[in-house]
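Examining the three-dimensional arrangement
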Amino acid sequence: MKYAMKNRIFSGIRGLWPADPARTRAGVTLIELMVATAILIVGIAGLVQSFQFIQKAIQGSKNRTLASNLAQEKMQILKQLPYYQILVTTDPAHNTTDFAPGSVDYDTGYFPPETVTEAGVAYTRYTLIQVAREDSGTLIQLSPSTPDTGLKLITITVVWGIGGSKRKISLLSVVANPDTVMSNSTFNGTVGDSVSGAPLYGALVNVAENMGWRDSTDASGDYSIGLSMGNYTMVVSAPGYYTQYRSVSITANQTQTQDFSLVKIATGSVSGAVWLRDHLVISQVVGSTVSAGYDQEYVEVYNPTTYTWLMNGAVGLKFQRPVDASARTIAVTYNTAYLPSGGYYLFANAGTVTAGGVSANADAVWDDGNSVADFPYFGTQKNIIPTSNQSNEGGGALELYKVQDGTALDSVGWNRNSGGQAAPFYETAGIDQNIGLEAGEQYVRYASTAGLSPIWGPAYDANNNNNDFYDAAAIAYPPHNSLSSAITVSGTPAAGAVVTASDGVSSSTTAWLTAGSRPYSAFTLVDVATGTWMVIISSGMYSLENDTVPIPSYGAVYTFPSSSTYLSQLTGNAVITGHVTNVLGQPITSPSLIKVTSNGAGQDAYASASSGRYTLLVSTGLVDITANPANANSNYVSISSVSIPVELGQLYSGVDFVLYQGARISGFVTRDGINPLPGVVVSIADPSGNSMDQQVSDASGRFTSLNISTGVYGVEPALSSFENSSPSSQTVTLASAGSTVFSATFTVAGAMGHITGSVSSGGAPIKTGVLIVVTTSLLAGSPPAVPNFSTATLNGAPFFVTSSGEDGNYSLDVSQSTAPQYNVYAYYPTPSGGSASMV
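The numbers attached to residues start from 1 for each chain and follow its sequence in the written order. Per-residue local features are limited, in this predicted model, to residues with pLDDT of at least 70; the limit for side-chain atom pairs, both in listing and counting, is 80 or more; totals at the level of whole chains, interfaces and linings are taken over all residues. With hydrogens and water excluded, all non-hydrogen atoms of the structure serve as input to the side-chain values.

**Quick look at the overall build of the chain**
Operational definition: Secondary structure elements are defined from DSSP: runs of H or I of at least 4 residues count as helices, runs of E of at least 2 residues count as strands, and each element is numbered from the N terminus. Computation of the radius of gyration draws on C-alpha atoms alone. For the globule rule, the value is 2.2 Å times the number of residues to the power 0.38. We call two residues contacting when some pair of their heavy atoms lies within 4.5 Å. A residue counts as positive if it is Lys or Arg and as negative if it is Asp or Glu; His and the chain ends are not included. Every charge is mapped to an atom, namely NZ of Lys, CZ of Arg, CG of Asp or CD of Glu.
Assigned secondary structure in the chain consists of 5 helices and 69 strands. Taking 839 residues into account, the globule formula puts the C-alpha radius of gyration at 28 Å, and the chain, at 40 Å, lies well above it. For the chain, contacts bridging at least 24 residues in sequence account for 64% of all contacts bridging at least 6. Seen as two clouds, the 35 positive and the 56 negative side-chain charges of the chain have centres 17 Å apart.

This is the structure:
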C-alpha cells in the first residue's frame, strides 16, 4: 500500500513540470537506419547508372554526328569534281563481316576506303559509285559496264565501332552529267500477251547497245524510252515469256511506236519426295534376349549415308537412366574398324548374341572398364540397359555420338509411364511405354513410311522416336552386324529443302512435311519451261543435282523417284546459269566461244555453241558475273551483272547477257609530249554527247576503252579548271568490229598532283590540326608570317591550303609546277600564358 501511494505521489510531482524535449524527441532505430541507408544506396546506384546511360547516349550521338559530318564531307568533295572524274566502281568489294548478313559495298580502286580518327574513335569511310537510271519512277542501279546514262549514284558509308559492336551511317546522292545532250528521240509502245492481248506489267524493254536506255511497262503494258538517233536492237523480256529481239532505226526528233506481243513459254512441273542421308542411325535396341540364361543386350546401328564411317575409337554410345543426372559414356572394345554404306554395326555385351533365331558376332563389346557406379547392373552380366524386370527400371535413353567432338549423331529414348519415368532425352517424343523396356522386347526402326522391311535398310528418321520405331513385344527381328547390308530407300525427311531449276522461268520452291504419323518431305516445282534442265535440291551443306530433267510438253510432270532422291553430296558452292547471245538472240561462236566468270571462288564456264547457255559454279556471298571478261572475244563487248546474293547449294537461273559487237579506242596522255601522265580521266562520247565509256590513263600514260559499238566518237580528257589539253579533243571512227583505233597523244598542262606529309611535335603526331600552305611564292619573315588572304591573292601566285588530320597526316591536291617549285609552310598555334604563339 505504501509503495503504491509513493508511486502515485511521485507521478503527481513529475506531472507538475513540463516534459524534457530532449528526452521526448522521436528517434530512429538501427533497423530504420539500415533501411534508409539501403534506399540511399539504391538511389545513388540508380543515379550513377542514369549518368552512365546519359553519357553513353551523349557519346553515341556525338559519334553519329561526326560520322554524318565525315560522310557529308566526302560527298561534297566528290560532287565538286568534274562529272567525268567521278569514276564508276568497276569491281566493288563487299564488307560482309561487320553487318552480316548485310553488306557494305565499296570501291577499292579510284576511291579506296579511308580511316579517319576523330575524338579517339576510328571511322572507316567507304565510297561506292554506280551507274543509275530512272525506270518507271524508280532509280535503279545498273551494271558498271553499262554506258554512261548521265546519272551516277554516290553512296558514302561511314563505319565505326562502339562497345564491341559496329555502327554505320550511309549518305546517298545522285550526280548528273551537265554536258549530257537531252535525248531527242523516243521509242514507245505496248507489250502484251500474244494470245490474249492482255498487257504485261513489269516487262523490261531495253536497247541492247546501251543497257541504260530502258524502261519497265506499267499496268497498261506501256513503256517509253528516250534516246539519241541511230540503229539499234530492242530486247523485250518478261517472266514466263520468250525474249523478243527487233532491229530498229530512229532519226533525230522522232517518236516511234514499237509494240511487242510476247509468246508465253509452255511449262510443266517437277515433283517428288526428298530425303537427307547425312548421319548414322540407331536401328535396334534390345535390353535382354534371355538367351541361354544370359541377359544378352545389344544396340544395332545402320549407315544410310553414301560413305564409309570409321567406327574404331571414332563413334561411341552413351546411356542414361531416368534417375541419372547425365548420360554415361559406354566404354567399348572395337572388333570391327569400319561401317560401310548400307551396312550395319552391332554393339553388345557379349561377343556373340542370339535373337530371332539368328546369331551374330558383335562388332564392338562393352569393355570391362565400365563401372558399377555408372551402370549399376554391369557387375553381374555386363548389363548396361536395364529392363523393367529390374526393380523400378525400364525407362532410358541412348545416344550415338562422335568421340572427337561429342556431336550427337542419333538418339532414342523410351518412357516407363507406370513408374512416372520419362525418357531422359529423346527426339521430339520418347517411345511411349507403360512399363518400359521389357526382357525379350525390342525397338526396331522403320525402313520407310511403308513400315518394316527385311530388304530395305532401317533408315527412316523423322526425328520423332515414338513414330520412327516399332515396338516388338517378342524379339522377331534378328540382329545385324558389319557382314550384313541392305538397300536404303528413305532417310530423314528434308523439310525446307530448296528446289530450283535452270530453265530461267520457274521460281524456287521448298519441300514441306506431309501429314501422318510417318511423314515424308514432298515438293512440287511449277512453271518449269519445256526442255531439259538442271534441277538442284539443297538443304544446308547437302545437295542433289540432276542435269537431265525433261519437260517435253505443256503440262508434263517429271517425278523424282523417292528411293533415289536423297541429299548426300557435300557442297560448298552454288550454281548460276543463264544465256549469252548476240543482239539477234543467237549463240556466239566466232571468233571464239564466250567465257563467263565470277569474282567468287569457283570454275569459269563457256556459253554453249548450240544454245548460248552457261552454268557457273560460284562461292556463296555477293557474286558479280562477267560475260566475255577482258573482251576475250575481241568482236564483242564485255558486260557485268549487278551483285547477286548467293546462298549455299542453291541454283540461280536467268542471269542472261546480250552482247553487241564493238571495237576499242586507245590513246596516250603526257605532261610534256614525252613523259606519261597517269591518272587522267578520258571521256568517250557519241556525236549526240552521250558518254559511252570513261577510262583512266595508267602508269604508262596509256588508255584503252572497253569494246563499244562501231561508229563515230569524240575522245576528250576530262580536266579541271586548272588544266588544259592539246588537242582538247579528237574524233575517232570505229569502222570494224574487233579493231583498236588510236585516237591521239594528249598533252596536259597544269595537271593536278599531290603533296602529302605529316606534322609532329616532340616525336608525336600533332592531333589538333596544323595549317598547311603550299605556294610558289616565298613568304616574308623569319619565321615566315601567315599569309593574309584577300581578293588581291587571286591575282598573284596560287595558294593551296589544308589542315592536318587527327593522325598528323595531310594531303593536298596542287596544279602542276616544276619551275618554280612549290614551298610548303606549316603553322601550329601553341598557348603561351594568356595568348598563343605561332610555331
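Having seen the model, we can carry on.
**Some remarks on unusual backbone geometry**
Negative phi values dominate among residues other than glycine, just as trans dominates among peptide bonds. With an omega dihedral of -5°, the bond running from Ser726 to Pro727 counts as a cis peptide bond. As for its position among the elements, Pro727 is in the loop between strand E58 (724–726) and strand E59 (730–734). At Asp527, a residue that is not glycine, the phi angle is positive and equals roughly 60°. Residue position: Asp527 is located in strand E37 (residues 521–529).

**Things to note about the packing of aromatic side chains**
Filter applied, for reference: To pair, rings of Phe, Tyr and Trp, with the six-membered ring standing in for Trp, must have centres within 6.5 Å; the planes then decide the type, stacked if under 30 degrees apart, edge-to-face if over 60, and tilted in the middle. Only when the NZ of Lys or the CZ of Arg is both within 6 Å of the ring centre and within 35 degrees of the ring normal is a charge said to sit over the ring.
Enumeration over the complete set of coordinates arrives at 18 aromatic pairs. Within the aromatic cluster, the residues linked to one another by ring pairs are Phe319, Trp414 and Tyr443. Taking NZ or CZ as reference, Arg518 lies 4.2 Å from the ring centre of Tyr446, over its face. The cationic tip of Arg702 hangs over the ring face of Phe668; the distance from NZ or CZ to the ring centre is 4.3 Å.

**Some words on the sheet that holds E37**
Stated formally: When DSSP finds at least two bridges between two strands, those strands are taken to pair.
Here we have 4 strands laid out as an open sheet, ordered E36-E37-E16-E40, and mixed in their pairing. The sheet is open, and its two borders are formed by strand E36 (512–513) and strand E40 (557–559), each paired with just one other strand. Here strand E16 (residues 267–273) pairs with E40 via 3 bridges, running parallel. When the sheet's bridge partners are listed, Ser271 is paired in E40 with Thr559.

**Overview of the pattern of salt bridges**
For clarity, the threshold we go by: Salt bridge, as applied in this entry: a Lys or Arg side-chain nitrogen positioned within 4 Å of an Asp or Glu carboxyl oxygen. Using a 1.4 Å probe on the protein chains alone, a residue whose accessible area is under 20% of its type maximum counts as buried, one over 50% counts as exposed, and one in between counts as partly exposed.
Following the criterion strictly, the structure yields 12 salt bridges and no others. Between Lys74 and Glu114 there is a salt bridge whose closest N-O contact spans 3.4 Å. Taken together, the positions of Lys74 in helix H3 (residues 30–79) and Glu114 in strand E3 (residues 114–118) put the pair 40 residues apart, joining distant regions of the chain. Its relative accessible area of 10% is what places Lys74 among the buried residues. One connected set of salt bridges, linked through shared partners, spans Glu73, Lys74, Glu114 and Arg125.

**What about the nonpolar core?**
Definition in use: Take the buried residues of types Ala, Val, Leu, Ile, Met, Phe, Trp, Tyr and Cys, join any two whose side-chain atoms come within 4.5 Å, and each joined set is a nonpolar core.
Core analysis: the biggest nonpolar cluster contains 31 residues, and Leu280, Ile330, Phe347, Leu398, Leu400 and Trp414 have the highest contact counts within it. Core analysis: the second largest hydrophobic core is formed by 28 residues, Ile576, Leu616, Ile625 and Ile644 among them.

**Some words on the pairing of E3**
As paired elements, E3 and strand E4 (residues 121–135) share 5 bridges and run antiparallel to each other. Looking at E4, one finds that Glu118 is bridged to Val121. Between E3 and the antiparallel strand that follows it, E4, lie 2 residues; Ala119 among them carries a positive phi value of about 55°.

**Brief notes about the sheet that holds strand E65 (residues 799–803)**
Note the following rule: Geometry is summarised by axes, namely lines fitted to C-alpha atoms with helices restricted to the contacting stretch, and by angles between N-to-C directions that run from 0 to 180 degrees.
The strand order across the open sheet formed by 3 strands is E65-E64-E67, and the pairing between neighbours is antiparallel. Two strands in the sheet have a free side with no partner beyond their single neighbour: E65 and strand E67 (823–827). In this sheet, neighbouring strand axes are inclined to one another by 20° on average, regardless of whether the strands run parallel or antiparallel. When strand E64 (residues 771–775) meets E67, the two strands line up antiparallel, connected through 5 bridges. Within E67, the residue paired with Val774 across the bridge is Val824.

**Looking at a nonpolar patch on the surface**
Where we set the bar: Here a patch means residues that are over 30% exposed by relative accessible area and free of salt bridges, tied together within 9 Å if like-charged and within 5 Å if nonpolar (Val, Leu, Ile, Met, Phe, Trp, Tyr). The protein chains shown are the only cover counted for residues, whose accessible areas, like all others here, come from Shrake-Rupley with a 1.4 Å probe.
Side chains of Val28, Leu30, Leu33 and Met34 sit close together on the surface and give an oily, nonpolar patch of about 450 Å² of accessible area. Assignment of secondary structure puts Met34 in helix H3. For Met34, a relative accessible area of 53% puts it in the exposed group.

**Some thoughts on the confidence of the model for the chain**
Note the cut-off: Scored from 0 to 100, pLDDT records how confident the predictor is in each individual residue.
Chain-level statistics for the chain give a pLDDT mean of 88 and a share of 95% at 70 or above. Segment residues 1–19: pLDDT under 50, and 1 contact once partners within four positions in sequence are set aside and those in other chains are kept.

**Some thoughts on the side chain of Ser502**
With respect to the helices, strands and loops of the structure, Ser502 is situated in the loop between strand E34 (498–501) and strand E35 (509–510). The exposure class assigned to Ser502 is buried, which follows from its relative accessible area of 4%. Once you skip the residues sitting within four places of it in the chain, Ser502 turns out to touch Trp533, Met534, Thr577, Arg613, Leu651 and Ser653.

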